[in-house]
Amino acid sequence: MPDDFDPIPSTRSRPTVGVGSLKQAMTEADALAVPVAAGAEPAAELGADSAGLAAVGFTADRGQTLVRAATDGGPVRVAVGIGTPDRLDASLVRDLAAEFARAVPWHKRLAIEVPTPASGISVADFAQAATEGVLLSRWRYFVGRGADEPLLESLLVVASDDDAEQAAAGAERGRVIAAAYCLGRDLANCPASTLSAVRMAEVALEVGAATGLRVEVFDKDQLIELGCGGLLGVNRGSVEPPRMIRLRYEPADPTGRITLVGKGVMYDSGGISLKPSDESHAQMKNDMTGAAAVLAAMTALRDLGCPTAVTGYLMCTDNMPSGSAMKLGDVLRMRNGKTVEVLNTDAEGRLVMADALALATEEPVDAIVDIATLTGACLRTFGVEVAGVMGNSSEVVSQLKQAGEVTDEPVWELPLHRPYRSQLDSTIADLTNMGGVNAGSITAALFLEEFVDGRPWAHIDIAGTAQAPAPRTWRNKGATGSGTKLLIEFALAFTPVES
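Presented here is a report on the structure given in the accompanying data block. Remember, it's a predicted structure, so these values are computed and weren't measured experimentally. (Residues numbered from 1 in each chain as written. Predicted model: local features only at pLDDT ≥ 70, side-chain atom pairs only at ≥ 80, totals over all residues. Heavy atoms only, no water.)

1. A short note on the sheet that holds strand 1 (residues 16-20)
So, step 1. On the basis of which strands lie adjacent, the open sheet formed by six strands has the order 1-6-5-2-4-3 and mixed pairing. Because the sheet does not close on itself, it has two edges, and the strands there are strand 1 and strand 3 (65-68). Put simply, the sheet's adjacent strands are angled 20° from each other on average, direction ignored.
So, step 2. Across five bridges, the pairing between strand 5 (residues 109-113) and strand 6 (residues 154-158) is parallel. Note that in strand 6 the partner of Ala111 across the bridge is Leu156.
So, step 3. Against the sheet, helix 3 (residues 90-103) touches strand 2 (31-37), strand 3, strand 4 (76-83) and strand 5, its axis set at about 150° to strand 4.
So, step 4. In this fold helix 5 (residues 164-189) packs onto strand 1 and strand 6, with an angle of close to 165° to the strand it touches most, strand 1. (Pairing = 2+ DSSP bridges. Helix = DSSP H or I, 4+ residues; strand = E, 2+ residues; numbered from the N terminus. Axes fitted to C-alpha atoms, helices over the stretch in contact; angles between N-to-C directions. Contact = heavy atoms within 4.5 Å.)

Below you can see the structure in the form of structure tokens.
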């Protein structure tokens, strides 16, 4: 891997986003999306009536697209079916915009019209969702070669003069959120040989300085002083030193305080409990998706005017086998003084996050949320499109579920069934790092609960959603950066939990 390989290419080639007129789109865009409602005549600029569209099989069903070659020297027109206009919502608009962008993969300058009327959704929300859909679907990550298709250069949201101000606000919000999500994807897709824990800290310092975050990096000696035995234990087998990265976003007069903890296992071999050499193992560069999502989400908070103060912990290390690696039967002492008997070195994510959860309780905080690619059990339960959530606070879990609905990153609650806590009992330590063969997602969450000291807390398991097997709407194949939009929305809308 070249020494100068850039782990975050999307920050160097961001498309411009603006709002303009139809006349501007007809002269500047390569492709124009024209929304068409079922049973309605399309806008004149499409160059076809409903009968002509129906003759070639286009009925304006939700998500249907039809590309029409330009005959007047203007842009390619793409008819985009929106179905019944009064059922239009942000999730559908995001998907439709993505389908449009995928339908014209060789076009660099895109434009999309705000439909009139767009009942069921505001102009600002339409512009935001459309911007997210286009930018996220056209994101690409390549190593050592050019892209298979041209990178997107610009997006123009076409709106009337009366709607231009609302459209501009929505488009800018969508641009900020998409940029953050693309950063999360960059990090999660970057090869582990390039994105070490040390390099992750350098990236955090770079993007943090540009987005109003205060960034502190803790090296191995400082982690020893802090007593972070979980992170240090997992790091024993690696030649790469560990890093704990603390991020702080502090608005004036914050309305609440939350702490986000992200699992940052830069590559997970399983340690001595070595993973099999299969496709799952090959994806383990994405085992730091939780940390990527926390960092990425926090880069958007200033520009979105987030009223909540947010602290983020990125717990970064490799989990590797070697002569110095953590062994089965070892006992680790965590930041809060609890001891953990290691029964499986591949249950390492909970160990690195436990230290950060303990640190989070040492400062005033209204809620703690951790996010991690934690258990295969969650993948088998929910597949690749739904994340699991558990917690000791129904209010925090409820706010996360609402954020998931808004952002199209759904989470589904599993019970934090405390009778299963006995599966973590150890004869020589306070607890073990592994439960029984069943309910693995729940016992992992019960382990994490041991370190939050009763604070309102929720755990998000993104083991399934962190990797997409195929592209679908705005979701691309590969490591997804899952959780970025969810955490942004959670922070923006957070209401402190009443004690």
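2. Re helix 10 (residues 289-299)
So, step 1. Of all eleven residues making up helix 10, eleven are buried, and the element is well covered by its neighbours.
So, step 2. Along helix 10, the positions that sit buried rather than exposed are Thr289, Gly290, Ala291, Ala292, Ala293, Val294, Leu295, Ala296, Ala297, Met298 and Thr299. (Buried < 20%, exposed > 50% of the residue type's maximum accessible area, 1.4 Å probe, protein only.)

3. A few points about the side chain of Ser154
So, step 1. In this fold, Ser154 is placed in strand 6.
So, step 2. Setting aside residues up to four positions removed in sequence, Ser154 forms contacts with Pro15, Thr16, Lys108, Arg109 and Leu110.

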